[in-house]
Amino acid sequence: MTAEHTRLTAALRELRARTGLSLAALSARTAYSKSSWERYLNGKALPPRPAVQELCRVANEPDGRLLALWEIAESGWSGRAEVSAPASDEPRRQPQEPPPPVATRPRGGRGLLMAVVASASAVIVGGVALVLFLLPDVAATESNAPSASAPYSLAPQCHGADCEGRDPMRMVCGIGPDTLTTYRTTTGAHVELRYSEKCGASWARVWGAAIGDRVEVTAGGPSRDVRIENGADAETYVYTAMTAAHPGGTVRSCFRPARPDGERECVEARVGQPPTTRPPTPQ
């Protein structure tokens, strides 16, 4: 399993945990069988793109970031497409048609070389564009990145203070976290406070925000924040790095709108209490 497939699997498992659905119930709400979901959620097979979209739909989750993760993971599986083809109970991916023939042949070796360089450039540009789209999610240090050859584990990779400032998805803390509170800002953005008991850490995530909006989270220690940098961020959700938290402690999140007349809005939640939906307090 590649590092990219590992990240995609962790994100899919988090979504499925949020739904509270069993594999049988998930199968009943989608076009994919129980055995297929078992393979997808345990990393035994790469799900087809429509399966990722359907899981996002069931979980009421924007699908932009998950589809971008799928695009990268799928590229690593392209050499094994025949082995990982979906079972007969799943929609089959249609084979791609070969590109149309070139109307005129390049003249001489130089023309052939230029054609090869142009094709390679197109592939590189496409790859760079996808990497830039995922930059907020993959800009962690190299030491935090999982090795493609290392055994894959769903066990959390940090706890408490060791999780401070780290990515919840990379550290496998995003599988089955608790939602402490959910609120909608006056600008229409949605903010959630998340907590992982296994990791002993919290983070905030936001969607429906505008470019320049910022979300902060703190649990009495360092403050972690994330900013909506571009249109890609605004179309999906983004999340902060983690901050250490513990049962009974208070986690606080503040939303800072980009517009000049916007007020900072904050909300608090206590770890271990039932999830709440409350209006933020302008500050």
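Higher on the page you've got the structure.
The sections below set out a description of the structure shown in this document. The model shown is predicted, which means the values in this text are computed figures rather than measured ones.

### Thoughts on the overall build of the protein chain
Within the protein chain one finds eight helices and 11 strands. In the protein chain, which comprises 283 residues, the share counted as buried stands at 41%. A sequence separation of at least 24 residues applies to 59% of the contacts in the protein chain between residues at least 6 apart. For the protein chain, the computed accessible surface area is about 14,900 Å², with 54% contributed by carbon and sulfur atoms.

### Section: the pattern of salt bridges
Counted by the stated rule, this structure contains 13 salt bridges. Its salt-bridge partner being Glu192, residue Arg205 comes within 3.0 Å of it at the nearest N-O pair. Pair noted here: Arg205 is in strand 3 (residues 201-207) and Glu192 is in strand 2 (residues 190-196), with a separation of 13 residues, a long-range link. Glu192 matches Arg205 in its accessibility class, with the two residues each being buried. Each member of the salt-bridge network shares a partner with another, and the members are Glu14, Arg18, Glu61, Glu192, Arg194 and Arg205.

### Some details on helix 3 (residues 34-41)
Along helix 3, the residues that are buried comprise Ser36, Trp37, Tyr40 and Leu41. Along helix 3, the residues classed as buried sweep out an arc of 120° about the axis, all on the same side. Buried residues in helix 3 make contact with helix 1 (3-19), helix 2 (23-29) and helix 4 (49-58). One or two positions beyond helix 3, positive phi appears at Gly43, with a value near 75°.

### Digging into the nonpolar core
In terms of nonpolar packing, the biggest core is built from 36 residues, with Leu8, Trp37, Leu66, Cys173 and Met242 touching the most fellow members. Secondary-structure elements contributing two or more residues to this core are helix 1, helix 2, helix 3, helix 4, helix 5 (64-77), strand 3 and strand 6 (237-239). Setting aside residues no more than four positions away along its own chain, Leu66 makes contact with Leu8, Ala11, Leu12, Leu15, Val52, Cys56 and Tyr237. Listed in part, the 20 residues of the second largest apolar core include Val217, Val238, Val251 and Phe255.

Basis of the calculations
- Residues numbered from 1 in each chain as written.
- Predicted model: local features only at pLDDT ≥ 70, side-chain atom pairs only at ≥ 80, totals over all residues.
- Heavy atoms only, no water.
- Helix = DSSP H or I, 4+ residues; strand = E, 2+ residues; numbered from the N terminus.
- Buried < 20%, exposed > 50% of the residue type's maximum accessible area, 1.4 Å probe, protein only.
- Contact = heavy atoms within 4.5 Å.
- Areas by Shrake-Rupley, 256 points an atom, 1.4 Å probe, with all protein chains shown as cover.
- Salt bridge = Lys/Arg side-chain N within 4 Å of Asp/Glu carboxyl O.
- Arc of directions from axis to C-beta.
- Core = buried A, V, L, I, M, F, W, Y, C linked by side-chain atoms within 4.5 Å.

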